[in-house]
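Residues per chain, in single letters:
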Number of protein chains: 4
Amino acid sequence: MIIFLKKGLPLSKEKEFRTFLAQRNVEVRPVEHEEQELLVVLGRCGELTRREIEKNASVEKTLDVDRPYRLASKSFRETPSVVSVKNGLKIGGKRIIIMAGPCSVETKEQIIETAKKVKDAGCQILRGGAFKPRTGPYDFQGLGKIGLHFLKEAGKRSGLAVITEILDVRDIELIDKYTDIFQVGTRNMQNYPLLRELGKVRKPVLLKRGMWATYKEFLLAAEYILLGGNKNVLLCERGIRTHVSETRFTLDLNIVPYLKHETHLPVIVDPSHGTGRANLVRAMSRAAIAAGADGLLIEAHVDPRKSLSDSDQAISIQELTKIVKEVQRVANAVDRS
Amino acid sequence: MIIFLKKGLPLSKEKEFRTFLAQRNVEVRPVEHEEQELLVVLGRCGELTRREIEKNASVEKTLDVDRPYRLASKSFRETPSVVSVKNGLKIGGKRIIIMAGPCSVETKEQIIETAKKVKDAGCQILRGGAFKPRTGPYDFQGLGKIGLHFLKEAGKRSGLAVITEILDVRDIELIDKYTDIFQVGTRNMQNYPLLRELGKVRKPVLLKRGMWATYKEFLLAAEYILLGGNKNVLLCERGIRTHVSETRFTLDLNIVPYLKHETHLPVIVDPSHGTGRANLVRAMSRAAIAAGADGLLIEAHVDPRKSLSDSDQAISIQELTKIVKEVQRVANAVDRS
Amino acid sequence: MIIFLKKGLPLSKEKEFRTFLAQRNVEVRPVEHEEQELLVVLGRCGELTRREIEKNASVEKTLDVDRPYRLASKSFRETPSVVSVKNGLKIGGKRIIIMAGPCSVETKEQIIETAKKVKDAGCQILRGGAFKPRTGPYDFQGLGKIGLHFLKEAGKRSGLAVITEILDVRDIELIDKYTDIFQVGTRNMQNYPLLRELGKVRKPVLLKRGMWATYKEFLLAAEYILLGGNKNVLLCERGIRTHVSETRFTLDLNIVPYLKHETHLPVIVDPSHGTGRANLVRAMSRAAIAAGADGLLIEAHVDPRKSLSDSDQAISIQELTKIVKEVQRVANAVDRS
Amino acid sequence: MIIFLKKGLPLSKEKEFRTFLAQRNVEVRPVEHEEQELLVVLGRCGELTRREIEKNASVEKTLDVDRPYRLASKSFRETPSVVSVKNGLKIGGKRIIIMAGPCSVETKEQIIETAKKVKDAGCQILRGGAFKPRTGPYDFQGLGKIGLHFLKEAGKRSGLAVITEILDVRDIELIDKYTDIFQVGTRNMQNYPLLRELGKVRKPVLLKRGMWATYKEFLLAAEYILLGGNKNVLLCERGIRTHVSETRFTLDLNIVPYLKHETHLPVIVDPSHGTGRANLVRAMSRAAIAAGADGLLIEAHVDPRKSLSDSDQAISIQELTKIVKEVQRVANAVDRS
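Residues numbered from 1 in each chain as written. Chains lettered and ligands numbered in written order. Predicted model: local features only at pLDDT ≥ 70, side-chain atom pairs only at ≥ 80, totals over all residues.

Things to note about the overall build of chain A
Working step 1: In terms of helices and strands, chain A carries 10 helices and 14 strands.
Working step 2: Counting only C-alpha atoms, chain A reaches 65 × 40 × 40 Å along its principal axes.
Working step 3: When the 337 residues of chain A are sorted by exposure, 58% land in the buried category.
Working step 4: Sequence separation of 24 or more characterises 66% of the internal contacts of chain A that already satisfy a separation of 6 or more. (Helix = DSSP H or I, 4+ residues; strand = E, 2+ residues; numbered from the N terminus. Buried ≥ 20, exposed ≤ 12 C-beta atoms within 10 Å, placed from the backbone. Contact = placed C-beta atoms within 7 Å.)

What about the environment of C:L297?
Residue and element names in this part refer to chain C.
Working step 1: Looking at where L297 falls in the secondary structure, it is placed in strand β14 (residues 295-299).
Working step 2: By C-beta crowding, L297 is classed as buried, having 27 other C-beta atoms within 10 Å.
Working step 3: Separated by 59 residues in the primary sequence, L297 and R238 have C-alpha atoms spaced 9.0 Å apart.
Working step 4: When neighbours within four sequence positions are excluded, L297 is seen to be in contact with M99, R127, C236, I268 and D270.

Things to note about the domain arrangement of chain A
Many analyses report the size of an interface as the accessible area lost when the parts associate.
Working step 1: Domain boundaries assigned for chain A yield domain 1 (2-63) and domain 2 (83-333).
Working step 2: The C-alpha centroid of domain 2 of chain A is placed 37 Å from the C-alpha centroid of domain 1 of chain A. (Domains from an automatic or database assignment.)

Thoughts on the interface of chain C and chain A
Working step 1: Contact residues are listed per partner, giving 4 residues for chain C and 4 residues for chain A.
Working step 2: Classifying every residue of the side of chain C that touches chain A gives no nonpolar, 3 polar and 1 charged. (Nonpolar A, V, L, I, M, F, W, Y, C, P; charged D, E, K, R; others polar.)

What about the relation of the copies chain B and chain A?
Working step 1: Laying chain B over chain A is done by rotating through 180° and shifting 0.0 Å along the axis; what remains is an RMSD of 0.0 Å. Such values leave the two copies arranged in the relation of a two-fold axis. Across chain B, the rotation axis passes nearest the C-alpha of B:A287, at a separation of 2.1 Å.
Working step 2: The overlap is high: 100% of the interface residues of chain B also sit at the interface in chain A, so the same surface is used on both sides. (Least-squares fit on C-alpha atoms with pLDDT ≥ 70 in both.)

Section: the sheet that holds strand β14 (residues 295-299) of chain D
Adjacent strands of a sheet pair through backbone hydrogen bonds, lying either parallel or antiparallel.
All names here are of chain D.
Working step 1: Around the barrel, 8 strands lie side by side as β7-β8-β9-β10-β11-β12-β13-β14; this closed barrel has parallel pairing. The average angle at which neighbouring strand axes cross in this sheet is 25°, direction not considered.
Working step 2: Lying over the sheet, helix α7 (residues 215-227) contacts β11 (205-208) and β12 (233-237), oriented at roughly 160° with respect to β12. (Pairing = 2+ DSSP bridges. Axes fitted to C-alpha atoms, helices over the stretch in contact; angles between N-to-C directions.)

Description of the packing of helix α9 (residues 278-291) of chain B against helix α10 (residues 317-333) of chain B
When two helices pack together, their arrangement is given by the angle between their axes and by how far apart the axes lie.
Residue and element names in this part refer to chain B.
Working step 1: In the contact formed by α9 and α10, the axes pass within 9 Å of each other and the chain directions differ by 25°. What the angle tells us is that α9 and α10 run roughly parallel. Of the two possible hands of crossing, α9 and α10 adopt the one that is right-handed. Together, V281, R282, S285, R286, I289 and A290 of α9 and E319, K322, I323, E326, V327, V330 and A331 of α10 make up the contact between the two elements.
Working step 2: Here the contact of α9 with α10 is built from residues that sort into 7 nonpolar, 1 polar and 5 charged. (Parallel < 35°, antiparallel > 145°, perpendicular 65-115°, else oblique. Left-handed = near helix turned anticlockwise from the far one by under 90°.)

Some details on the relation of the copies chain C and chain A
Put simply, the two copies of the chain differ by a rotation about an axis and a shift along that axis.
Working step 1: With an RMSD of 0.0 Å, the fit of chain C onto chain A corresponds to turning through 180° and sliding 0.0 Å along the axis.
Working step 2: Mapped onto chain A, 100% of the interface residues of chain C are again interface residues, and the two copies thus contact each other with one and the same surface.

Things to note about the interface of chain B and chain A
Working step 1: At the interface, 35 residues of chain B touch 35 residues of chain A.
Working step 2: Those elements giving two or more residues to the side of chain B that touches chain A turn out to be α7 (215-227), α8 (255-262), α9 and α10 of chain B.
Working step 3: Broken down by element, the residue count for the side of chain B that touches chain A peaks at 8 residues, all from α9(B).
Working step 4: Looking at the side of chain B that touches chain A residue by residue, the class counts come to 18 nonpolar, 12 polar and 5 charged.

Brief notes about unusual backbone geometry
Residues and elements named next belong to chain C.
Working step 1: In the Ramachandran plot, E35 falls in the positive-phi region, its phi being about 65° despite a non-glycine side chain.
Working step 2: Among the structural elements, E35 can be located in the loop between β2 (27-33) and β3 (36-42).
Working step 3: Even without a glycine there, the phi angle at D335 is positive, about 60°.
Working step 4: Tracing the backbone through its elements, the reader meets D335 in the segment after α10 (317-333).

Some points on α10(C)
Residue and element names in this part refer to chain C.
Working step 1: With 17 residues, α10 should reach 24 Å at 1.5 Å per residue; the first-to-last C-alpha distance of 25 Å fits that figure.
Working step 2: Among all positions in α10, only I317, L320, I323, V324, V327, V330 and A333 are buried.
Working step 3: Following α10 by one or two positions, D335 has its phi on the positive side, about 60°. (Expected span 1.5 Å × (residues − 1).)

Observations concerning α8(B)
The α-helix advances 3.6 residues per turn, and as a result positions three or four apart in sequence lie on the same side.
Working step 1: For α8(B), a buried count of 6 out of 8 residues is recorded, marking the element as mostly surrounded by other parts of the structure.
Working step 2: For α8(B), the full list of buried residues reads B:I255, B:V256, B:P257, B:Y258, B:L259 and B:K260.
Working step 3: For α8(B), the secondary structure elements touched by its buried residues are α9 (281-291) of chain A together with α7, β12 (233-237), β13 (267-269) and α9 of chain B.

Here we look at the environment of D:V82
Working step 1: Within the secondary structure, D:V82 is located in the loop between β4 (59-63) and β5 (83-84).
Working step 2: For the pair D:V82 and D:N232, spaced 150 residues apart in sequence, the C-alpha separation works out to 8.3 Å.

Here's the deal with the environment of C:R157
Working step 1: Locating C:R157 in the fold gives a position in helix α4 (residues 145-158).
Working step 2: Ignoring sequence-local partners within four residues, the contact set of C:R157 consists of C:I112 and C:A115.

Section: the sheet that holds strand β2 (residues 28-33) of chain B
Residues and elements named next belong to chain B.
Working step 1: Spatial strand order, β2-β3-β1-β4: 4 strands in an open sheet with antiparallel pairing. Only two strands of the sheet have a single partner each, and these edge strands are β2 and β4 (59-63). The sheet shows a mean angle of 25° between the axes of neighbouring strands, taken without regard to direction.

Here we look at the packing of helix α3 (residues 108-120) of chain B against helix α4 (residues 145-158) of chain B
Residue and element names in this part refer to chain B.
Working step 1: Two numbers describe how α3 lies on α4: the axes approach to 9 Å, and their chain directions differ by 35°. Handedness of the crossing formed by α3 with α4: right-handed. Residues K108, I111, I112, A115, K116 and K119 of α3 form the contact with α4, whose participating residues are F150, L151, E153, A154, G155, R157 and S158.
Working step 2: Looking at the contact of α3 with α4 residue by residue, the class counts come to 6 nonpolar, 2 polar and 5 charged.

A short note on the pairing of β11(D)
Side-chain positions along a regular strand alternate between the two faces of the sheet.
Residue and element names in this part refer to chain D.
Working step 1: Here β11 shows no split at all, with V205 and L207 on one side and L206 and K208 on the other all buried.
Working step 2: Both strand β10 (residues 181-184) and β11 contribute to a ladder of 3 bridges, which runs parallel. From the neighbouring strand, V184 faces β11, where its bridge partner is L207.
Working step 3: Handedness of the crossover joining β10 and β11 through helix α6 (residues 192-198): right-handed. (Right-handed = clockwise from strand over helix to strand, strands pointing away.)

With respect to the pairing of strand β3 (residues 36-41) of chain B
All names here are of chain B.
Working step 1: Here strand β1 (residues 2-5) pairs with β3 via 3 bridges, running antiparallel. The partner of I2 across the bridge, within β3, is V40.
Working step 2: Of the strand pairs in this sheet, β2 and β3 are connected by 6 bridges, and their pairing is antiparallel. Counterpart to R29 in the pairing with β3 is V40.

Have a look at this one:
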């Protein structure tokens, strides 16, 4: 159950009400949601009935949620959330959004040239990693802070919004200065300290699904961020670990319509990691949009063979341009634009 | 390597040539392909070089294939195979084909009514199981022979072609009398005696991917049928076993563009088993076509709640009608019809 | 529920009772079990109560089973089943049984020499494939009937019982002449026609778990055989398909104690397929016995590098000898011998 | 390749040598190992040959390592590493070590009572979580700092060493004051900032395998810690995500002998998470030791049904006592104690 407190309720009244609940063994978690205070009830209502809670003078209304995730559920919000990025750019509306760019920011020239071409191809957001989570400690780990700087510059010059990955909870303040969207990678989907801190910022957070995660676990990870008061969460399917050896991961598009039934949050699909093969990215981009996704996250490189990381899955700008066009046609066929 | 024998080569000459090969330790498997005899070379060319083989008077040409599957590979045939069903109905061409119907044939009335509605919804083929592979021996196992009879009748009255599953290698002759397409279920993908026998018939065989199979294993299973001389093989993705608990299986659409790069055989997708949830079938039907599939296999029931098997995933005729329309729009967006 | 009919009940009485049940909508499956007729009730008791059934003059007793599998469950039989092979050799008792031999019977000399050495190493049963289920049609498919002949000869000379795989439901009569135990491979775990036919024989059947199967599906597959009246079923864990790439399969030893809680049937473990690497077989053989397995099925070859199939996982006779000794010590540590 | 610098090499000489390498495009990572400086060469030797490097006056010797992990590999160190905990307690020697205790520290009394009983049962190390990584934000998240305090007190009174999980890279200093071993949970196996920081401490780190990880990825995660100079890494198998629904995870014991062939690091097995079912823990504890594990990590509770987290898999102290005894016997059977 979720308790909506009356708008403008004085802090003293809220405190009093929470003491009252605590005395009746009703355990709650507070969350600020669109300038209103909510109390999420953990488990049962203690010694009180729902009616007794609703009658309380501090309460506007209550809401029953029959899912382990509350704020992420359709019961909490029926209409799709539309997440604002900047300059009027929105994710989750009728328009399909495409984020593209290299796995890693490699040089200033590379990222600035890429940004221009990604924009010309018809994309809205530039991706680029400065801190890279690499399987082995001897692999290229990203340019770090200077990479963030290059990325921001590329965004500014091209007019694109930018997204970059955060690995370390201690880097939030730093990265916040450079990015428009925080990306949480698959390996960090259940990095709870990181999720909690990202609940405190207000910029959008793109949360990638853990390659091992069930749908419920994915939504509960999003709930950690939402519970912190940050409602700008983007869910991103990026492939799961399966027995299939011919692709790097198995892109699980089933999750797209499932999430559309279960949550109001926008759904992004990453066909690059989800296949790990450049020659499958185009078809899976089309499929993702046909399945109902709100956007795509694609690894594209001005010279894929020279990519310092993930070169097997990076596509060329030429291929990206084709994808944008084909995706556009599929989007129209499913009443998107 | 594949050796194409000269067209019209006398049997005695062929025999002589094969003796010659055997003496040089070249092991081959013969296959009849579109009225021409081929010899598929196993492993290396023994003591001969490719040139020495090509120079032989019985040989038209040779073909190098760098895949473990030979006849299924793009190297063997570059252009897509188009499989003829009957009355001019073809699978693998520009037009998307939809096969729909109940999991099981339940009664004569049910299947005849269903056939009419499936046709009205815009589908081309009627599916219906008479012999059902059920996980438990106490579950409904299908009507058997009488079910086949009802199915054929429903096909005749509606003008739809029909497809039904074969479980038992001893039933080929029986089922051949009733069906237009043989369906091999996921559990039988590596039932080699069955595959070998289906290599001897000339009707189309829809081969479902084993829920555990890699792409290579799937194509090698198809190769068993092709090697028997039956070139009318339809590959069907129907979901794989993964850790995901919210869906019955994980529909692996990555395989669609992968197969389109690797093989000339038509690719069908079964979004009903691939999700196990009726409310995901529509979106995944659209996604399958957007990914490049040549057709769909959908479980639809005149009254889904009363379905004797797989009721969670069966959709209504009303929903099927919506799917056909939406799929049509997506098909157009990817230059299909 | 399972209904035990009175011993020696005349057929006419049984018929009468079954008509009575049918009229009250109680659906049953008959099975002969240790010279007694049982009726397994499908679903609910129709219009009757359990007491009304028990009071019937034809009924000895009834038994409630709260599992989808009935005859395989501990509720049906609490004490472990001991399966007799021949010459007093039993599986499922205190003594650990080891079955070893080559993946395929290759030549008469090979299998006869192997048999002698397998016996000397301390094993009780000789394995060897004559009909091989190979992933690709161009791989060595086994010697067929002549291989069965060699295997039987090797068994006779060494005094070992033999086990071989059956692939084709049409081969039961043939193989029955040569083998002491029928082996059903992982790919055929849900080959229901085959399971039904093996329910009609009385020789032991070693049923390998499908590499995709849940525990429930495995036990339901065994139930198909048991329901045919063949109570001599051996369950064999042989590894499942997972994302792990360093081993061929993931040996799931969790299933061993799980089965010991759920079923009375003996449990065999195949560490050769379950790892796919010769250098892991010894440790996993010890682990299987420590987990509670009743026996092992091991691929051993007189010259592993020359093995015509599965050469990566075949161990030498020398290694087999070590395994038998180490397994013996572990067996003693868990009160087995 | 790994370069061993001469012992006692002056810093100026080391600097000079590294400049020399850099000029020849040899990229290295330095690591201090048992009071000796090593340089791990990334990729190839640049413009130098191995001999040219070996001849350099600063170099003692070089070592070729043909694995992506270097310090974790057997090539680097052939003999098993023995990790010292405290008061002479060692992990990785002949003696099997058992760590047991509750999932979460719940109250002071609970953990002190548990510690006494865990010690009496014959275990050497007390486990207990103060910061819990919970799938949902509404679940009990652990007592935090006060829990650490209780745990340390329980360790002191019982004389047991203690192990607790670290979730947040910012908590290293805090937790270091209370624990004898840092535990990194499965969800953090690829939390690289955390691994890097744990490379700087000198206390043992028990690294749990990611439930999605391959063996290589697991060893590369360990390499991150080793490369920081902390050689006290314990590898812990705790079950992987598979399609099996009857157990919480699939304990992958194949990894135990695999790791014993690949690495010198001690291997611990967690049969509690690896099964998720209390009634399977005993058998899998025995199996783990038979497979070659150096120790066990077991969830035990003074009153399992009242456990605040993971109650399905917690065993009673009585069961723990049985396990210790049975494990002892198996240990003896495999020449351990």
